[in-house]
Amino acid sequence: MNPSSTTSVTGNELDLRVENVTVSYPNGHTGLQDASFALHAGTICALVGVNGSGKSTLFKAIMGLVRPVTGRVRIAGRTVRDALKANLVAYVPQAEEVDWSFPVSVRDVVMMGRYGHMNFLRIPRAEDRRLVEESLRRVDMWDYRDRQIGELSGGQKKRVFLARALAQQGRVILLDEPFTGVDVNTELAIIALLRELRGEGRIMLVSTHNLGSVPEYCDHVVLIKRTVMAAGATTDVYTEENLLNTFGGVLRHFRFGDSTVQKHDARAVTLLTDDERPLVFGKGGHVEYSERRGREDVVKERAEGEEDE
Amino acid sequence: MTDLLHTLALPLSYDYMLKAILVSGVVGAVCAFLSCFVTLKGWSLMGDAISHAVVPGVAVAYYIGWPFAVGAFATGVLASAGMGFVKRKTKLREDAVIGVVFTAFFALGVLLISLFPSEVDLRSIVFGNILGISDADVRQMLIISAITVGVLGLRWRDLMLFCFDANQARALGLNTTLLHLTLLALLSATAVASLQTVGAALVVAMLVTPGATAYLLTDRFGRMIAIAVGMGLGTSLVGAYASYFFDGSTGGCIVTLQSLLFIVALVFGPKHGLLAARAKRRAAASLATP
Amino acid sequence: MNTLLEPFQFPFMVEAMIAAVAVGAVCAVLSCYLVLKGWSLMGDAISHAVLPGIVIAYVVGVPLAIGAFCSGLLCAVLTGFIKANSRVKEDTVMGVVFTGMFAFGLVLFTKVKSDLHLDHILFGNILGLAEGDLRDTLIVAGLTLAIVLGLRRDLLLFCFDPGHARTVGLHNTVLNYLLLSLLAVTIVVSLKAVGIILVIAMLVAPGCIGLLLTDRFERMLVIATISAVFSGFAGVYVSFFLNASTGACIVLLQALLFVLALIFAPKNGLRAGRRRRPGALPV
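This text gives an overview of the structure that appears in the document. Everything numeric here is computed off the predicted structure, so don't read it as measured data.

Each helix and strand in chain B was counted, giving 15 helices and zero strands. Against the 2.2 N^0.38 benchmark of 19 Å for 290 residues, chain B shows a C-alpha radius of gyration of 20 Å, consistent with a compact globule. The principal-axis extent of the C-alpha atoms belonging to chain B is close to 75 × 65 × 35 Å. Residues counted as buried form 57% of the 290 residues belonging to chain B. A fraction of 73% describes how many contacts in chain B between residues 6 or more apart in sequence connect residues 24 or more apart. Approximately 11000 Å² of chain B is accessible, and the part contributed by carbon and sulfur atoms is 69%. Here chain B carries 19 positive and 13 negative side-chain charges, and the mean point of each set is 17 Å from the other.

Written as structure tokens, this is what we have:
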């Protein structure tokens, strides 16, 4: 409604605070219990946990879809309701949640991101059109603007919804499984984009099962199992012990002793996987790379391997 | 030849036929507009349910001498509130809940009418009675149509987003509860408006078929609305006209026409039709075999 | 006292009660499957779609029930075909198909001069059963009941987990059409009792009542049947005194039982929920 309210939240004062949030559903099921963490401007944070651990409940609480019975969520010091009104929160849904045969074009979808900034009748102005074009160009989808959304590949679909979040100018962006069903190039592009957005002082909260790539692009991690098990910088929190705590016996867990893979340098290697890319631990913590540059061949090999599966 | 022309022009020489044709056209167009949202939201059963649930309201309104639209609208909303309540409180599937609630309302209507038989004619509620519509009823219908078109015309973008991605609507700060209720209220209102044209049993067709047909023909929401409205308007005008030759079964004629157009779109649709799909399969097969 | 027994002195009342109980029992057993399978709308669709079949059967001169059965099944088959071959959602397809068939039936009805009563087809005419009607109803109801109960485990598996049903060697297509055919037959049998529009209630409400009160399928069958038999009997009985539409009375009694189940169900009811919830909340 009021564009100036969006711009008034500058990078520095933006934060997302989840304080002692408990959510229970009408059927008596408790989705989340006493969850607390805080994120500051310029953060990419991974949200990691098994299915049913409360990840989507947490998203819903941040989006105001469920109301916590205790505790509160504050975004830049505002209530969820006010934050939504000010268009601070954007959401990139999972592919399964979207009706792909809905009769809308790529441009229509991205334009929907602008609704909160438009007048009562939602008639796009020049500014809205400009931002839609800019967002689509940023994710490299401008050439597809008149396609019906179902006619895109998995990666392209993801980019369109990212463009919608950009057009919305959300400062806190929630991404639900952004790398599922996505090709390697798109994954790279999305990661590059997330880094750019971090540079602009936004907060990205990424729910993912892709344990192996978390260290690559996330500087923060929230481990969740009905409640927040651990939260903080990736280097401190993303440890074998914490992950085992979070996943209990659910993770596939291979421990290679001296006799198998790496006998010669006598390192014990542990491999954790939640059915997507595995996370490998050595003696001194995880051994995933945090930058792809210089490892293009590895990435390529990996992608081919994944396609084979 | 002149005889045939004379016969064909005959319906137009009666005032009541002209009135019926025009009113049907208006109602058909309005329902078609709404049908785009109903089909995309997956609310077809809801349309059916509400159109049946308005019956007791009509009966009561007649007894106490209120405008029938008020009573009908009230029970329509009551029924949808009841469905929402039962759905939230139990583990029953939505379709089952809808089935139980709307049949209960309809049965209540039938019971009321059978208890006080002389007051209301059940058949005119179930099948509509556009040929005998009173001026007061025409006025009610036009008011309802105007309100519906006004709300849809002003808010269609929000409603489209609500149908497409309710979470996003919510994240943008839109009041999704209000949008949900708006759509339900419009559904009740149009069900009431079309009650006299096609009757409770066939209202759902007016609220589903044009949208479904347009959906087969285009990939753009704006065009979908245009096609649906054009179809609703055309079939209603022609159907009401044709009903002169079919003993006044206006609803039957309109809905049969709509179903025929749906079949045509289903078979010949340029992109999503059966023939187009078959051609696509053939092309794929011929590519696969060198 | 005599007033209360009065309905039983009329043969047509007794016949109506027997028919209502029989029809109620068959519908109730089937409703358990429909509610679990998510086919409630299918009952709605098939029941409307029988109309053109009845009119055509009248014109051709075959038993009306056969025409009704064929056109009801045609509706189900058409819906399946269109859904498989287009991008329109299933509920929408069903809405289009059944209203189209119903409307076509209406147009046919106005063009064919017949001694059929549209009111009887729509709202039932259980108090005016013709000679032989009761016998036919009982035979068909009995057969349907026997088939459903005989195959109840196969059908249950089909509703619960069609993939698994396939792997253990059941023919899903056969079961699918069997269930659809049983549905169509049941609807045709029920038409005389409650009519097209209210038969949906008979095919949904008892299953819902059963599901609210228990979470075992066998018990659900029993509860559904009891509630339907009771409302069938009591509905006819009450309608005698009210001088009101019999079909409506039966359906409203079922709705009443549904509301009672909703409030008082031991595990899933509203009161049970209120008792349970404070305990579930961590303090």
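Next comes the rest of the account.
It is worth spelling out helix α7 (residues 184-199) of chain A at this point. Across its 16 residues, α7 of chain A extends 23 Å between first and last C-alpha, which sits within 8% of the 22 Å expected from 1.5 Å per residue. Against β3 (43-48), α5 (126-138), α6 (154-168), β6 (172-176), β7 (203-207) and α8 (214-217) of chain A lie the buried residues of α7 of chain A.

With that settled, consider the pairing of strand β8 (residues 220-225) of chain A. Residue and element names in this part refer to chain A. Sheet analysis places β3 next to β8, joined by four bridges and oriented parallel. Paired with C45 across the strands is H220, a residue of β8. Connecting β8 to the next strand, strand β9 (residues 227-233), in antiparallel fashion are one residue, including R226 with a positive phi near 65 degrees.

The next thing to look at is the environment of M206 of chain B. Residues and elements named next belong to chain B. The residue M206 is located in helix α11 (residues 203-206) in this model. Note on M206: relative accessible area 1%, which makes it buried. Taking the C-alpha atoms as reference points, M206 and L233, separated by 27 residues in sequence, lie 10 Å from one another. Excluding its chain neighbours within four sequence positions, the residues that come into contact with M206 are V27, G28, C31, A32, S35, V198, S236, I254 and Q258.

The next subject is helix α3 (residues 40-60) of chain C. All names here are of chain C. Along its 21 residues, α3 runs 31 Å from first to last C-alpha, staying within 8% of the 30 Å computed at 1.5 Å per residue. Where α3 bends most, the angle comes to about 25 degrees, and this point is L51, followed within four residues by the proline P52. Taken across its 21 residues, α3 has 17 buried, putting it largely inside the fold. Just downstream of α3, G61 is the residue with a positive phi angle, here 95 degrees.

Now for the interface of chain B and chain C. The interface of chain B with chain C comprises 58 residues on the first partner and 58 residues on the second. Counting the surface lost from both chain B and chain C, the interface buries some 4800 Å², and carbon and sulfur atoms represent 74% of this. Ranking the residues of chain B by area buried against chain C places K91, L92 and V100 of chain B at the top, with a combined share of 11%. Here chain B is connected to chain C by one salt bridge.

For the structure on display, the rule yields 23 salt bridges over all chains. With a shortest N-O distance of 3.4 Å, R130 of chain A and E127 of chain A are connected by a salt bridge. Residue R130 of chain A and its partner E127 of chain A are located together in helix α5, separated by three residues, close to a single helical turn. On the accessibility criterion, E127 of chain A (40% relative accessible area) is partly exposed. E151 of chain A is the salt-bridge partner of K271 of chain B, the closest N and O atoms lying 2.5 Å from each other. Pair noted here: K271 of chain B is in the loop between α14 (250-268) and α15 (274-288) and E151 of chain A is in the loop between α5 and α6, and the two residues belong to different chains.

It is a probe the size of a water molecule, rolled over the atoms, that shows where empty space is left. Residues and elements named next belong to chain B. Within this model, the largest pocket holds a volume of roughly 1200 Å³. Of all the elements in the fold, those that place two or more residues in the lining of the largest pocket are α5 (68-89), α6 (94-115), α9 (166-171) and α10 (176-198). Broken down by element, the residue count for the lining of the largest pocket peaks at eight residues, all from α5. Classifying every residue of the lining of the largest pocket gives 17 nonpolar, eight polar and six charged.

Before going further, it helps to spend a moment on the sheet that holds strand β2 (residues 30-40) of chain A. Residue and element names in this part refer to chain A. Strands sit in the order β2-β1-β4 across an open sheet of three strands; the sheet is antiparallel. Looking at strand neighbours, the two that pair on one side only are β2 and β4 (70-75), the edges of this open sheet. For this sheet, the mean inter-axis angle between neighbouring strands, taken without regard to orientation, is 15 degrees. Pairing of strand β1 (residues 15-24) with β4, which is carried by five bridges, proceeds in the antiparallel orientation. Looking across to β4, one finds that E19 is bridged to R72.

Cut-offs and rules
Residues numbered from 1 in each chain as written. Chains lettered and ligands numbered in written order. Predicted model: local features only at pLDDT ≥ 70, side-chain atom pairs only at ≥ 80, totals over all residues. Heavy atoms only, no water. Helix = DSSP H or I, 4+ residues; strand = E, 2+ residues; numbered from the N terminus. Rg over C-alpha atoms; globule rule 2.2 N^0.38 Å. Buried < 20%, exposed > 50% of the residue type's maximum accessible area, 1.4 Å probe, protein only. Contact = heavy atoms within 4.5 Å. Areas by Shrake-Rupley, 256 points an atom, 1.4 Å probe, with all protein chains shown as cover. Lys, Arg positive; Asp, Glu negative; His and termini not counted. Charge placed at Lys NZ, Arg CZ, Asp CG, Glu CD. Expected span 1.5 Å × (residues − 1). Pairing = 2+ DSSP bridges. Bend = angle between axes of the 7 residues up to and from the residue. Buried area = accessible area lost by both parts, 1.4 Å probe. Salt bridge = Lys/Arg side-chain N within 4 Å of Asp/Glu carboxyl O. 1 Å grid on protein atoms, 1.4 Å probe; cavity = no way out; pocket = protein on both sides within 12 Å on 5 of 7 lines; lining within 4 Å. Points joined across faces, edges and corners; volume = space filled by probe spheres on them. Nonpolar A, V, L, I, M, F, W, Y, C, P; charged D, E, K, R; others polar. Axes fitted to C-alpha atoms, helices over the stretch in contact; angles between N-to-C directions.

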